[in-house]
Amino acid sequence: MNGGQALIRSLVACGVDTCFMNPGTSEMHFVAALDAVPEMRSVLALFEGVATGAADGYARMAGRPAATLLHLGPGLGNGLANLHNARRARTPVVNVVGDHATFHKAYDAPLESDIGSVAQSVSSSVRWCADPAQVGRDVAETVAAANGPPGGVATLVLPADVSWNEGGVVATGARRPAPARVDEATIATIAAALRSGEPACLLVGGRAGRAEPMAHAAAIAACTGARLLGETFPVRLERGAGRAAAPRLAYLAEMASAQLAGVRHLVLVDARAPVSFFAYPGKPSDLAPAGCRVHVLCPPDGDLGDALARLAERLGADPRSAPRAAAERPVAPPGPLSADAIGAVLGELLPEHAIVSDEGATVGAAAPGRTAGAPPHDWLCLTGGAIGQGLPVALGAAVACRDRRVIALQADGSSLYTVQALWTMAREGLDVTTILLANRAYAILNMELGRVGAGAGGPRARDMFDLSRPELDFGAIARGFGVPASRARTSEELRDQLARSLATPGPSLIEAVVPGPF
Ligand SMILES: Cc1ncc(C[n+]2csc(CCOP(=O)(O)OP(=O)(O)O)c2C)c(N)n1
(Lines give C-alpha, C1' and ligand atoms only; values in the text may rest on other atoms or scores of the structure.)
Protein backbone atom coordinates (compact mmCIF):
# COMPACT_ATOMS: atom_id res chain seq x y z
CA MET A 1 0.00 0.00 0.00
CA ASN A 2 1.36 3.43 -0.86
CA GLY A 3 1.21 6.49 1.36
CA GLY A 4 -1.75 8.01 -0.51
CA GLN A 5 -3.87 4.92 0.01
CA ALA A 6 -2.81 4.71 3.64
CA LEU A 7 -3.79 8.32 4.11
CA ILE A 8 -7.31 7.87 2.75
CA ARG A 9 -7.84 4.61 4.64
CA SER A 10 -6.59 6.32 7.81
CA LEU A 11 -8.99 9.21 7.37
CA VAL A 12 -11.86 6.76 7.05
CA ALA A 13 -10.65 4.82 10.10
CA CYS A 14 -10.63 8.10 12.04
CA GLY A 15 -14.22 8.92 11.07
CA VAL A 16 -13.49 11.25 8.14
CA ASP A 17 -15.23 9.87 5.06
CA THR A 18 -15.93 12.95 2.94
CA CYS A 19 -13.32 15.02 1.13
CA PHE A 20 -13.96 18.31 -0.69
CA MET A 21 -11.13 18.75 -3.11
CA ASN A 22 -9.40 20.68 -5.83
CA PRO A 23 -6.33 18.61 -6.66
CA GLY A 24 -3.19 19.17 -8.70
CA THR A 25 -0.24 17.12 -9.90
CA SER A 26 1.31 16.71 -6.44
CA GLU A 27 -1.96 15.11 -5.24
CA MET A 28 -2.32 12.60 -8.10
CA HIS A 29 -1.53 9.56 -5.98
CA PHE A 30 -4.12 10.63 -3.42
CA VAL A 31 -6.64 11.00 -6.25
CA ALA A 32 -5.64 7.64 -7.78
CA ALA A 33 -6.14 6.00 -4.37
CA LEU A 34 -9.81 7.08 -4.29
CA ASP A 35 -10.77 4.13 -6.49
CA ALA A 36 -9.22 1.74 -4.00
CA VAL A 37 -11.14 3.20 -1.04
CA PRO A 38 -14.83 3.50 -1.95
CA GLU A 39 -15.72 4.42 1.65
CA MET A 40 -14.28 7.90 1.03
CA ARG A 41 -16.75 10.24 -0.65
CA SER A 42 -14.90 12.67 -2.90
CA VAL A 43 -16.55 15.93 -3.94
CA LEU A 44 -14.94 18.14 -6.56
CA ALA A 45 -14.97 21.91 -6.05
CA LEU A 46 -13.89 24.40 -8.70
CA PHE A 47 -12.19 26.74 -6.25
CA GLU A 48 -10.48 25.99 -2.95
CA GLY A 49 -12.64 28.50 -1.07
CA VAL A 50 -15.63 26.36 -2.03
CA ALA A 51 -13.91 23.23 -0.70
CA THR A 52 -12.94 24.78 2.64
CA GLY A 53 -16.33 26.46 3.19
CA ALA A 54 -18.08 23.20 2.29
CA ALA A 55 -15.96 21.35 4.86
CA ASP A 56 -17.10 23.92 7.43
CA GLY A 57 -20.79 23.53 6.55
CA TYR A 58 -20.44 19.75 6.52
CA ALA A 59 -18.90 19.60 10.00
CA ARG A 60 -21.39 22.05 11.50
CA MET A 61 -24.19 19.69 10.51
CA ALA A 62 -22.51 16.27 10.71
CA GLY A 63 -20.74 16.96 14.00
CA ARG A 64 -17.52 15.49 12.62
CA PRO A 65 -14.91 16.83 10.23
CA ALA A 66 -14.65 16.50 6.50
CA ALA A 67 -11.28 16.61 4.79
CA THR A 68 -10.17 19.02 2.12
CA LEU A 69 -7.52 18.21 -0.48
CA LEU A 70 -5.65 21.33 -1.59
CA HIS A 71 -2.80 21.98 -3.98
CA LEU A 72 0.35 23.26 -2.25
CA GLY A 73 0.59 26.77 -0.78
CA PRO A 74 -1.43 28.58 -3.46
CA GLY A 75 -4.33 26.11 -3.20
CA LEU A 76 -4.33 26.38 0.58
CA GLY A 77 -4.13 30.16 0.27
CA ASN A 78 -7.16 30.22 -2.02
CA GLY A 79 -9.07 28.38 0.70
CA LEU A 80 -7.89 30.61 3.51
CA ALA A 81 -10.87 32.97 3.99
CA ASN A 82 -13.27 30.13 4.65
CA LEU A 83 -10.71 28.35 6.84
CA HIS A 84 -10.60 31.58 8.81
CA ASN A 85 -14.41 31.45 9.16
CA ALA A 86 -14.17 27.81 10.26
CA ARG A 87 -11.50 28.66 12.82
CA ARG A 88 -13.72 31.37 14.28
CA ALA A 89 -16.60 28.87 14.43
CA ARG A 90 -14.34 26.27 16.08
CA THR A 91 -15.44 23.88 13.36
CA PRO A 92 -13.30 20.76 12.93
CA VAL A 93 -11.70 20.68 9.47
CA VAL A 94 -8.89 18.36 8.28
CA ASN A 95 -6.82 19.88 5.47
CA VAL A 96 -4.62 17.62 3.41
CA VAL A 97 -2.22 19.79 1.44
CA GLY A 98 -0.11 18.18 -1.24
CA ASP A 99 3.50 19.29 -1.52
CA HIS A 100 6.36 18.68 -3.94
CA ALA A 101 8.28 15.44 -3.52
CA THR A 102 10.88 15.87 -0.75
CA PHE A 103 13.82 15.65 -3.18
CA HIS A 104 12.23 18.21 -5.51
CA LYS A 105 11.88 21.03 -3.02
CA ALA A 106 15.53 22.12 -3.31
CA TYR A 107 14.95 23.05 -6.96
CA ASP A 108 12.55 25.87 -6.17
CA ALA A 109 10.09 24.74 -8.85
CA PRO A 110 7.32 27.21 -9.74
CA LEU A 111 4.77 26.04 -7.13
CA GLU A 112 7.31 25.95 -4.30
CA SER A 113 6.08 28.21 -1.47
CA ASP A 114 5.96 28.55 2.30
CA ILE A 115 3.04 26.23 3.04
CA GLY A 116 3.76 26.34 6.76
CA SER A 117 3.22 30.09 7.07
CA VAL A 118 -0.09 29.91 5.24
CA ALA A 119 -1.25 26.89 7.23
CA GLN A 120 -0.17 28.24 10.64
CA SER A 121 -2.38 31.28 10.32
CA VAL A 122 -5.57 29.24 10.56
CA SER A 123 -4.55 25.84 11.94
CA SER A 124 -4.34 24.63 15.52
CA SER A 125 -2.02 21.88 14.26
CA VAL A 126 0.28 21.61 11.22
CA ARG A 127 2.12 18.34 10.53
CA TRP A 128 4.33 17.17 7.70
CA CYS A 129 4.17 13.50 6.66
CA ALA A 130 7.78 12.40 6.29
CA ASP A 131 7.35 8.69 5.62
CA PRO A 132 4.53 6.37 4.41
CA ALA A 133 5.02 4.31 7.57
CA GLN A 134 4.06 7.35 9.64
CA VAL A 135 1.01 8.34 7.60
CA GLY A 136 -1.45 6.56 9.90
CA ARG A 137 -0.04 8.18 13.01
CA ASP A 138 0.03 11.63 11.34
CA VAL A 139 -3.58 11.32 10.19
CA ALA A 140 -4.74 10.17 13.63
CA GLU A 141 -2.98 13.12 15.30
CA THR A 142 -4.35 15.59 12.74
CA VAL A 143 -7.93 14.34 13.08
CA ALA A 144 -7.60 14.41 16.89
CA ALA A 145 -6.40 18.03 16.70
CA ALA A 146 -9.36 18.94 14.48
CA ASN A 147 -11.88 17.18 16.72
CA GLY A 148 -10.56 18.87 19.84
CA PRO A 149 -12.08 19.85 22.14
CA PRO A 150 -12.19 22.58 21.07
CA GLY A 151 -12.75 21.88 17.38
CA GLY A 152 -10.38 23.54 14.95
CA VAL A 153 -8.65 23.51 11.60
CA ALA A 154 -5.81 20.99 11.44
CA THR A 155 -3.49 20.65 8.46
CA LEU A 156 -1.45 17.72 7.22
CA VAL A 157 1.08 18.30 4.44
CA LEU A 158 1.67 15.30 2.21
CA PRO A 159 4.76 15.37 -0.05
CA ALA A 160 4.17 13.67 -3.40
CA ASP A 161 6.84 10.99 -2.83
CA VAL A 162 5.43 10.07 0.58
CA SER A 163 2.14 9.60 -1.25
CA TRP A 164 3.55 7.37 -3.99
CA ASN A 165 6.08 5.35 -1.95
CA GLU A 166 5.10 1.93 -0.67
CA GLY A 167 4.98 0.95 2.99
CA GLY A 168 1.91 2.93 4.02
CA VAL A 169 0.54 2.14 7.48
CA VAL A 170 -3.13 2.76 8.28
CA ALA A 171 -4.35 4.37 11.51
CA THR A 172 -6.70 2.46 13.77
CA GLY A 173 -8.56 5.55 14.97
CA ALA A 174 -8.11 9.02 16.46
CA ARG A 175 -7.92 9.93 20.14
CA ARG A 176 -10.98 11.75 21.34
CA PRO A 177 -10.35 13.22 24.79
CA ALA A 178 -13.40 14.05 26.87
CA PRO A 179 -14.09 17.75 27.45
CA ALA A 180 -12.83 19.11 30.77
CA ARG A 181 -15.29 19.36 33.68
CA VAL A 182 -15.91 22.92 34.85
CA ASP A 183 -14.97 23.25 38.53
CA GLU A 184 -17.61 23.69 41.17
CA ALA A 185 -16.27 27.07 42.30
CA THR A 186 -16.98 28.59 38.85
CA ILE A 187 -20.54 27.27 38.88
CA ALA A 188 -21.06 28.55 42.43
CA THR A 189 -19.67 32.02 41.62
CA ILE A 190 -21.90 32.37 38.56
CA ALA A 191 -24.94 31.10 40.43
CA ALA A 192 -24.27 33.68 43.16
CA ALA A 193 -23.91 36.45 40.58
CA LEU A 194 -27.21 35.45 38.94
CA ARG A 195 -28.93 35.41 42.33
CA SER A 196 -27.35 38.66 43.51
CA GLY A 197 -30.24 40.80 42.35
CA GLU A 198 -27.86 42.89 40.26
CA PRO A 199 -28.68 43.11 36.54
CA ALA A 200 -27.24 40.07 34.77
CA CYS A 201 -27.12 38.76 31.22
CA LEU A 202 -26.38 35.35 29.73
CA LEU A 203 -24.67 35.66 26.33
CA VAL A 204 -24.95 32.34 24.49
CA GLY A 205 -22.79 31.38 21.53
CA GLY A 206 -20.79 28.57 19.98
CA ARG A 207 -22.02 25.14 21.02
CA ALA A 208 -24.80 26.73 23.08
CA GLY A 209 -26.85 27.41 19.93
CA ARG A 210 -28.01 23.79 19.94
CA ALA A 211 -31.50 23.07 21.31
CA GLU A 212 -30.56 21.49 24.63
CA PRO A 213 -27.99 24.00 25.92
CA MET A 214 -30.21 26.83 24.69
CA ALA A 215 -33.15 25.45 26.70
CA HIS A 216 -30.94 25.30 29.79
CA ALA A 217 -29.71 28.87 29.28
CA ALA A 218 -33.27 30.12 28.68
CA ALA A 219 -34.52 28.37 31.81
CA ILE A 220 -31.67 29.85 33.88
CA ALA A 221 -32.44 33.33 32.53
CA ALA A 222 -36.17 32.94 33.19
CA CYS A 223 -35.73 31.73 36.74
CA THR A 224 -33.14 34.36 37.73
CA GLY A 225 -34.50 37.32 35.77
CA ALA A 226 -31.25 37.61 33.79
CA ARG A 227 -31.36 38.90 30.25
CA LEU A 228 -30.72 36.32 27.54
CA LEU A 229 -28.81 37.29 24.40
CA GLY A 230 -27.25 35.28 21.59
CA GLU A 231 -24.06 36.09 19.72
CA THR A 232 -24.47 38.14 16.56
CA PHE A 233 -23.49 35.51 13.99
CA PRO A 234 -24.11 32.04 15.46
CA VAL A 235 -22.33 28.90 14.27
CA ARG A 236 -25.46 26.78 14.36
CA LEU A 237 -28.79 27.60 15.92
CA GLU A 238 -31.40 24.90 16.37
CA ARG A 239 -34.42 27.16 16.40
CA GLY A 240 -38.07 27.52 15.42
CA ALA A 241 -41.43 26.66 16.96
CA GLY A 242 -41.21 24.85 20.28
CA ARG A 243 -37.56 25.68 20.84
CA ALA A 244 -35.94 28.13 23.24
CA ALA A 245 -34.37 31.16 21.59
CA ALA A 246 -32.19 34.13 22.48
CA PRO A 247 -32.50 37.53 20.79
CA ARG A 248 -29.23 38.20 19.01
CA LEU A 249 -26.74 40.85 19.95
CA ALA A 250 -26.97 43.53 17.25
CA TYR A 251 -24.27 43.96 14.60
CA LEU A 252 -24.18 47.72 15.08
CA ALA A 253 -22.11 48.50 18.18
CA GLU A 254 -24.37 51.28 19.42
CA MET A 255 -27.39 48.96 19.33
CA ALA A 256 -25.43 46.16 21.01
CA SER A 257 -24.32 48.59 23.74
CA ALA A 258 -27.96 49.51 24.33
CA GLN A 259 -28.86 45.81 24.68
CA LEU A 260 -26.12 45.39 27.29
CA ALA A 261 -26.66 48.70 29.09
CA GLY A 262 -26.77 48.43 32.87
CA VAL A 263 -25.59 44.82 33.01
CA ARG A 264 -23.41 44.17 36.07
CA HIS A 265 -22.75 40.46 35.46
CA LEU A 266 -22.23 39.15 31.95
CA VAL A 267 -22.09 35.35 31.82
CA LEU A 268 -20.45 34.01 28.67
CA VAL A 269 -22.02 30.69 27.69
CA ASP A 270 -19.54 29.51 25.05
CA ALA A 271 -19.65 33.02 23.56
CA ARG A 272 -16.69 35.35 23.20
CA ALA A 273 -16.79 38.64 25.14
CA PRO A 274 -18.78 41.14 23.07
CA VAL A 275 -16.67 43.55 21.02
CA SER A 276 -17.46 45.97 18.24
CA PHE A 277 -17.08 44.34 14.79
CA PHE A 278 -14.89 47.26 13.70
CA ALA A 279 -13.35 50.28 15.38
CA TYR A 280 -15.14 53.61 14.97
CA PRO A 281 -13.52 56.92 15.86
CA GLY A 282 -14.38 57.91 19.43
CA LYS A 283 -16.38 54.74 20.15
CA PRO A 284 -15.40 51.85 22.46
CA SER A 285 -14.26 48.49 21.12
CA ASP A 286 -15.30 46.59 24.26
CA LEU A 287 -19.08 46.46 24.43
CA ALA A 288 -19.39 45.23 28.01
CA PRO A 289 -20.61 48.20 30.07
CA ALA A 290 -18.12 49.87 32.43
CA GLY A 291 -18.02 48.10 35.80
CA CYS A 292 -19.60 44.91 34.41
CA ARG A 293 -18.05 41.67 35.63
CA VAL A 294 -17.56 39.12 32.86
CA HIS A 295 -17.87 35.45 33.90
CA VAL A 296 -16.81 32.56 31.68
CA LEU A 297 -19.06 29.60 32.38
CA CYS A 298 -17.05 27.12 30.36
CA PRO A 299 -13.82 27.31 28.35
CA PRO A 300 -13.89 26.20 24.70
CA ASP A 301 -12.51 22.78 25.66
CA GLY A 302 -14.87 22.40 28.59
CA ASP A 303 -17.98 20.26 29.02
CA LEU A 304 -20.61 22.87 28.25
CA GLY A 305 -23.66 20.61 28.59
CA ASP A 306 -22.56 19.44 32.01
CA ALA A 307 -21.73 22.99 33.19
CA LEU A 308 -25.13 24.29 32.10
CA ALA A 309 -26.95 21.35 33.66
CA ARG A 310 -25.16 21.87 36.98
CA LEU A 311 -25.78 25.62 36.95
CA ALA A 312 -29.47 25.04 36.18
CA GLU A 313 -29.78 22.48 38.94
CA ARG A 314 -28.11 24.75 41.49
CA LEU A 315 -30.53 27.54 40.58
CA GLY A 316 -33.59 25.29 40.39
CA ALA A 317 -34.08 26.07 36.68
CA ASP A 318 -35.90 23.37 34.73
CA PRO A 319 -35.09 23.32 31.00
CA ARG A 320 -38.47 21.70 30.31
CA SER A 321 -40.18 24.88 31.47
CA ALA A 322 -37.95 27.26 29.47
CA PRO A 323 -39.88 29.79 27.37
CA ARG A 324 -40.29 28.45 23.82
CA ALA A 325 -41.01 30.10 20.49
CA ALA A 326 -44.68 29.89 19.54
CA ALA A 327 -45.61 28.24 16.26
CA GLU A 328 -46.52 31.03 13.87
CA ARG A 329 -45.99 31.83 10.24
CA PRO A 330 -46.10 35.38 8.88
CA VAL A 331 -48.05 36.51 5.83
CA ALA A 332 -45.87 38.37 3.38
CA PRO A 333 -47.15 41.75 2.24
CA PRO A 334 -48.07 41.64 -1.47
CA GLY A 335 -46.25 43.71 -4.06
CA PRO A 336 -42.63 44.57 -4.77
CA LEU A 337 -40.00 42.68 -2.80
CA SER A 338 -38.31 44.23 0.22
CA ALA A 339 -36.04 42.78 2.91
CA ASP A 340 -39.09 42.28 5.12
CA ALA A 341 -41.16 40.65 2.38
CA ILE A 342 -38.36 38.20 1.56
CA GLY A 343 -38.07 37.24 5.22
CA ALA A 344 -41.83 36.84 5.46
CA VAL A 345 -42.08 34.61 2.35
CA LEU A 346 -39.36 32.44 3.81
CA GLY A 347 -41.26 32.36 7.12
CA GLU A 348 -44.41 31.29 5.26
CA LEU A 349 -42.78 28.37 3.49
CA LEU A 350 -39.70 27.24 5.44
CA PRO A 351 -40.00 23.44 5.63
CA GLU A 352 -39.53 21.51 8.86
CA HIS A 353 -35.90 20.40 9.35
CA ALA A 354 -34.65 22.84 6.71
CA ILE A 355 -31.11 24.17 7.05
CA VAL A 356 -30.61 27.87 6.31
CA SER A 357 -27.13 29.08 5.34
CA ASP A 358 -27.43 32.79 6.04
CA GLU A 359 -25.12 35.14 4.19
CA GLY A 360 -28.02 37.43 3.49
CA ALA A 361 -26.29 40.61 4.68
CA THR A 362 -28.50 43.71 4.65
CA VAL A 363 -31.32 42.28 2.52
CA GLY A 364 -31.43 39.10 4.60
CA ALA A 365 -31.63 40.97 7.89
CA ALA A 366 -35.38 40.50 8.42
CA ALA A 367 -35.32 36.74 7.79
CA PRO A 368 -34.30 35.52 11.29
CA GLY A 369 -37.17 37.44 12.89
CA ARG A 370 -39.71 36.39 10.27
CA THR A 371 -38.81 32.68 10.60
CA ALA A 372 -38.66 32.55 14.43
CA GLY A 373 -41.95 30.64 14.67
CA ALA A 374 -41.46 28.41 11.60
CA PRO A 375 -41.20 24.66 12.17
CA PRO A 376 -37.92 23.53 13.77
CA HIS A 377 -34.89 24.15 11.57
CA ASP A 378 -31.16 24.96 11.71
CA TRP A 379 -29.61 28.33 11.00
CA LEU A 380 -25.92 28.71 10.06
CA CYS A 381 -24.21 32.11 9.94
CA LEU A 382 -21.04 33.72 8.67
CA THR A 383 -18.82 33.34 11.71
CA GLY A 384 -15.62 35.15 10.78
CA GLY A 385 -16.85 38.04 8.66
CA ALA A 386 -14.95 36.84 5.57
CA ILE A 387 -17.65 36.88 2.91
CA GLY A 388 -18.04 34.13 0.32
CA GLN A 389 -19.02 31.50 2.84
CA GLY A 390 -22.77 31.14 2.32
CA LEU A 391 -22.91 29.01 -0.83
CA PRO A 392 -20.04 26.69 0.21
CA VAL A 393 -21.56 26.18 3.67
CA ALA A 394 -24.91 25.38 2.03
CA LEU A 395 -23.15 22.86 -0.21
CA GLY A 396 -21.37 21.18 2.70
CA ALA A 397 -24.52 21.07 4.84
CA ALA A 398 -26.41 19.45 1.95
CA VAL A 399 -23.71 16.79 1.55
CA ALA A 400 -23.91 16.08 5.30
CA CYS A 401 -27.73 15.95 5.38
CA ARG A 402 -29.00 14.40 2.15
CA ASP A 403 -32.55 14.15 3.49
CA ARG A 404 -32.94 17.82 4.42
CA ARG A 405 -33.68 20.88 2.27
CA VAL A 406 -30.97 23.53 2.43
CA ILE A 407 -31.76 27.17 1.75
CA ALA A 408 -28.93 29.54 0.95
CA LEU A 409 -30.02 33.05 1.82
CA GLN A 410 -27.36 34.75 -0.18
CA ALA A 411 -26.44 38.39 -0.75
CA ASP A 412 -25.38 39.11 -4.33
CA GLY A 413 -21.97 40.68 -3.72
CA SER A 414 -20.91 37.96 -1.28
CA SER A 415 -22.12 35.21 -3.62
CA LEU A 416 -19.59 36.12 -6.28
CA TYR A 417 -16.54 35.12 -4.21
CA THR A 418 -17.43 31.43 -4.35
CA VAL A 419 -20.29 31.22 -6.86
CA GLN A 420 -18.70 28.08 -8.36
CA ALA A 421 -20.32 26.20 -5.45
CA LEU A 422 -23.46 26.13 -7.66
CA TRP A 423 -21.73 23.78 -10.08
CA THR A 424 -20.88 21.28 -7.35
CA MET A 425 -24.50 21.47 -6.09
CA ALA A 426 -25.67 20.59 -9.60
CA ARG A 427 -23.07 17.86 -10.07
CA GLU A 428 -23.96 16.22 -6.75
CA GLY A 429 -27.71 16.69 -7.25
CA LEU A 430 -28.11 18.45 -3.90
CA ASP A 431 -31.42 19.83 -2.63
CA VAL A 432 -30.27 23.42 -2.21
CA THR A 433 -32.52 26.40 -2.90
CA THR A 434 -30.52 29.60 -3.29
CA ILE A 435 -32.43 32.83 -2.73
CA LEU A 436 -30.07 35.31 -4.33
CA LEU A 437 -30.69 38.74 -2.81
CA ALA A 438 -30.02 41.13 -5.67
CA ASN A 439 -29.73 44.72 -4.47
CA ARG A 440 -26.90 45.21 -6.94
CA ALA A 441 -24.65 46.83 -4.35
CA TYR A 442 -22.21 46.40 -1.51
CA ALA A 443 -24.92 48.11 0.56
CA ILE A 444 -23.30 47.57 3.93
CA LEU A 445 -20.10 49.27 2.83
CA ASN A 446 -22.15 52.16 1.52
CA MET A 447 -23.51 52.50 5.05
CA GLU A 448 -20.17 51.92 6.81
CA LEU A 449 -18.55 54.73 4.81
CA GLY A 450 -20.43 57.25 6.87
CA ARG A 451 -20.20 55.31 10.14
CA VAL A 452 -16.40 55.19 10.17
CA GLY A 453 -16.33 58.96 9.82
CA ALA A 454 -15.20 58.99 6.19
CA GLY A 455 -18.08 61.27 5.22
CA ALA A 456 -20.84 60.64 2.73
CA GLY A 457 -18.37 59.82 -0.04
CA GLY A 458 -18.12 61.39 -3.46
CA PRO A 459 -19.21 59.69 -6.69
CA ARG A 460 -15.89 57.88 -7.10
CA ALA A 461 -16.02 56.48 -3.57
CA ARG A 462 -19.64 55.36 -3.90
CA ASP A 463 -18.88 53.80 -7.28
CA MET A 464 -16.78 51.22 -5.40
CA PHE A 465 -19.99 49.85 -3.84
CA ASP A 466 -22.12 49.87 -6.99
CA LEU A 467 -22.69 46.45 -8.62
CA SER A 468 -25.35 47.66 -11.06
CA ARG A 469 -22.95 48.50 -13.90
CA PRO A 470 -23.00 46.25 -15.89
CA GLU A 471 -26.02 44.44 -14.50
CA LEU A 472 -25.28 40.94 -13.24
CA ASP A 473 -27.59 38.24 -14.59
CA PHE A 474 -27.71 35.66 -11.82
CA GLY A 475 -30.11 33.47 -13.77
CA ALA A 476 -27.57 33.19 -16.56
CA ILE A 477 -24.75 32.62 -14.08
CA ALA A 478 -26.67 29.83 -12.34
CA ARG A 479 -27.72 28.16 -15.59
CA GLY A 480 -24.13 28.34 -16.75
CA PHE A 481 -23.20 26.22 -13.75
CA GLY A 482 -26.05 23.78 -14.43
CA VAL A 483 -28.53 25.14 -11.85
CA PRO A 484 -32.07 26.04 -13.00
CA ALA A 485 -32.98 29.62 -12.15
CA SER A 486 -35.82 32.13 -12.06
CA ARG A 487 -36.29 35.77 -11.12
CA ALA A 488 -38.80 37.23 -8.62
CA ARG A 489 -39.67 40.90 -8.25
CA THR A 490 -42.79 40.58 -6.03
CA SER A 491 -43.80 38.57 -2.96
CA GLU A 492 -46.26 36.63 -5.09
CA GLU A 493 -43.55 35.62 -7.57
CA LEU A 494 -41.12 34.68 -4.81
CA ARG A 495 -43.77 32.60 -3.02
CA ASP A 496 -44.59 30.66 -6.22
CA GLN A 497 -40.99 30.13 -7.18
CA LEU A 498 -39.89 29.15 -3.69
CA ALA A 499 -42.76 26.67 -3.33
CA ARG A 500 -41.80 25.13 -6.67
CA SER A 501 -38.13 24.94 -5.76
CA LEU A 502 -38.87 23.32 -2.39
CA ALA A 503 -41.00 20.70 -4.12
CA THR A 504 -38.38 19.91 -6.76
CA PRO A 505 -35.37 17.70 -6.01
CA GLY A 506 -31.97 19.18 -6.82
CA PRO A 507 -30.64 22.71 -6.71
CA SER A 508 -32.23 25.87 -8.03
CA LEU A 509 -31.66 29.59 -7.72
CA ILE A 510 -34.18 32.39 -7.38
CA GLU A 511 -32.88 35.86 -8.07
CA ALA A 512 -34.92 38.04 -5.68
CA VAL A 513 -34.64 41.60 -6.97
CA VAL A 514 -34.90 44.40 -4.41
CA PRO A 515 -34.23 48.13 -4.73
CA GLY A 516 -30.65 48.97 -3.83
CA PRO A 517 -28.95 52.22 -2.89
CA PHE A 518 -27.84 52.95 -6.48
C1 LIG B 1 -13.20 38.24 2.24
C2 LIG B 1 -13.84 39.57 2.39
N3 LIG B 1 -13.63 40.53 1.46
C4 LIG B 1 -14.20 41.73 1.58
C5 LIG B 1 -15.00 42.01 2.65
C6 LIG B 1 -15.57 43.40 2.84
N7 LIG B 1 -17.01 43.39 2.67
C8 LIG B 1 -17.85 43.31 3.71
S9 LIG B 1 -19.42 43.37 3.28
C10 LIG B 1 -19.02 43.54 1.65
C11 LIG B 1 -20.08 43.69 0.62
C12 LIG B 1 -21.29 42.84 0.85
O13 LIG B 1 -22.17 43.05 -0.21
P14 LIG B 1 -23.38 42.08 -0.44
O15 LIG B 1 -22.97 40.70 -0.20
O16 LIG B 1 -23.96 42.38 -1.76
O17 LIG B 1 -24.38 42.46 0.73
P18 LIG B 1 -25.11 43.87 1.02
O19 LIG B 1 -24.16 44.66 1.86
O20 LIG B 1 -25.39 44.53 -0.29
O21 LIG B 1 -26.34 43.51 1.76
C22 LIG B 1 -17.66 43.53 1.47
C23 LIG B 1 -16.98 43.64 0.16
C24 LIG B 1 -15.21 40.99 3.59
N25 LIG B 1 -15.98 41.15 4.66
N26 LIG B 1 -14.63 39.77 3.43
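Note that this is a predicted model, so its numbers are computed, not measured.

S.K.: Please provide a residue-by-residue account of the sheet that holds strand β17 (residues 508-513), values included.
M.R.: The strand order across the open sheet formed by seven strands is β9-β13-β12-β14-β15-β17-β16, and the pairing between neighbours is mixed. With one partner strand each, in any of the chains shown, β9 (237-239) and β16 (485-488) form the two edges of the open sheet. Ignoring strand direction, the axes of neighbouring strands in this sheet form an average angle of 20°. In this structure, β9 lies alongside strand β13 (residues 377-381), joined through three bridges in antiparallel fashion. Its bridge partner lying in β13, R239 is registered against H377.

S.K.: So what's going on with the sheet that holds strand β6 (residues 153-159)? Which residues, and what values?
M.R.: Judged by pairing direction, the sheet is parallel, and its six strands sit side by side in the order β2-β1-β3-β4-β6-β5 without closing on themselves. Strand pairing shows two members of the sheet lacking a second neighbour, β2 (41-44) and β5 (125-128), which therefore form its edges. Going across the sheet, the axis of each strand differs from the next one's by a mean of 20°, ignoring polarity. Relative to strand β3 (residues 67-71), strand β1 (residues 18-21) is paired through three bridges, and the arrangement is parallel. Pairing of M21 across the sheet is with L69, part of β3. The strands touched by helix α7 (residues 135-147) are β4 (93-99), β5 and β6; relative to β6, the strand with the most contacts, the crossing angle is about 160°.

S.K.: So what's going on with the site of the ligand? Residues and values would help.
M.R.: Close contacts around the ligand come from 17 residues, with T362, D412, S414, A441 and I444 the closest. Contact distances for the ligand include 2.8 Å between an oxygen atom and a side-chain N or O atom of D412. Against a free-state accessible area of 590 Å², the protein chains account for coverage of 78% of the ligand. Breaking the shell around the ligand down by element, the ones donating at least two residues are α16 (412-415) and α18 (443-451).

Reading the values: the criteria
Residues numbered from 1 in each chain as written. Predicted model: local features only at pLDDT ≥ 70, side-chain atom pairs only at ≥ 80, totals over all residues. Heavy atoms only, no water. Pairing = 2+ DSSP bridges. Helix = DSSP H or I, 4+ residues; strand = E, 2+ residues; numbered from the N terminus. Axes fitted to C-alpha atoms, helices over the stretch in contact; angles between N-to-C directions. Contact = heavy atoms within 4.5 Å. Near = heavy atom within 4 Å. Polar contact = N/O pair within 3.5 Å; in protein donor to acceptor, adjacent residues only side chain to side chain. Areas by Shrake-Rupley, 256 points an atom, 1.4 Å probe, with all protein chains shown as cover.

Treat this as a map of the structure, not an account of what it does.
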